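Residue-level structure breakdown
Okay, here's what each chain looks like letter by letter:
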Amino acid sequence: MIEVEVLLAWPQHVLSRRLQLEEGATVADAIAAAALEGSDTCPAVAVHGVLARPQQVLLEGDRVELLRPLQADPKDNRRRRALGG
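Everything in this summary refers to the structure shown in the same document. Every value quoted in this text rests on a predicted model; they were computed, and no experiment measured them. Residues take numbers from 1 onward in each chain, read along the sequence in its written order. With pLDDT at 70 or above as the cut-off, local features in this predicted model cover only qualifying residues; side-chain atom pairs require 80 or more to be listed or tallied, and sums for whole chains, interfaces and linings still use all residues. Heavy atoms from the whole structure form the basis of all side-chain values; hydrogens and water molecules are not counted.

The next subject is the pairing of strand β2 (residues 14-21). At least two bridges found by DSSP between two strands are what make those strands a pair. Helix and strand assignments come from DSSP, with helices taken as H or I runs of at least 4 residues and strands as E runs of at least 2, each series counted from the N terminus. Across eight bridges, strand β1 (residues 2-9) lies against β2 in antiparallel orientation. The partner of Val 4 across the bridge, within β2, is Leu 19. Hairpin connection between β1 and β2: a loop of four residues separates the two successive antiparallel strands.

Turning to unusual backbone geometry, a few remarks are in order. A positive phi angle, close to 50 degrees, is found at Ala 35, a residue other than glycine. With respect to the helices and strands, Ala 35 occurs in the loop between α1 (27-34) and β3 (44-47). Throughout this description, buried means an accessible area under 20% of the type-specific maximum (1.4 Å probe, protein chains only), exposed means over 50%, and partly exposed covers the range between. Take Ala 35: its relative accessible area is 55%, and that puts it in the exposed class. With a phi angle near 55 degrees, His 48 is a residue other than glycine that sits in the positive phi range. Tracing the chain through its elements places His 48 in the loop between β3 and β4 (50-51).

What follows covers the side chain of Ser 39. When you line up the elements, Ser 39 lands in the loop between α1 and β3. Ser 39 sits in the buried class, given a relative accessible area of 18%. Pairs of N or O atoms are called polar contacts if they sit within 3.5 Å, as long as, within protein, a hydrogen donor faces a hydrogen acceptor (for residues adjacent in sequence, only side-chain-to-side-chain pairs). A polar atom in the side chain of Ser 39 sits 3.0 Å from the backbone oxygen of Leu 36. We call two residues contacting when some pair of their heavy atoms lies within 4.5 Å. Beyond its immediate sequence surroundings of up to four residues, Ser 39 is in contact with Leu 8, Ile 31 and Leu 66.

Along the polypeptide, Glu 5 turns up in strand β1. Overall, Glu 5 belongs to the buried group, its relative accessible area being 18%. Within the local environment of Glu 5, its side chain forms a polar contact with the side chain of Ser 16, the two groups lying 2.6 Å apart. With sequence-adjacent residues up to four places away left out, Glu 5 is seen in contact with Ser 16, Arg 17, Arg 18, Asp 62, Arg 63 and Val 64.

So, in structure tokens, the structure goes:
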């Protein structure tokens, strides 16, 4: 068995769950087991801050981070700052 953490951070709160999974468990297995509210709307996932695929095998102590959709387009924000806005 391995212990991993799955988390989803919002501006006002964080949902987190520690799980005991079988050796060889994948990112997708951890997300399904955690069953965090809102996880189905997350477009991407990372393990310790590095983008990960659902079939990636997890190791003891890994932290699976569910990434939220962007609130604003980074390119638009840079353009607006460059124009002095």
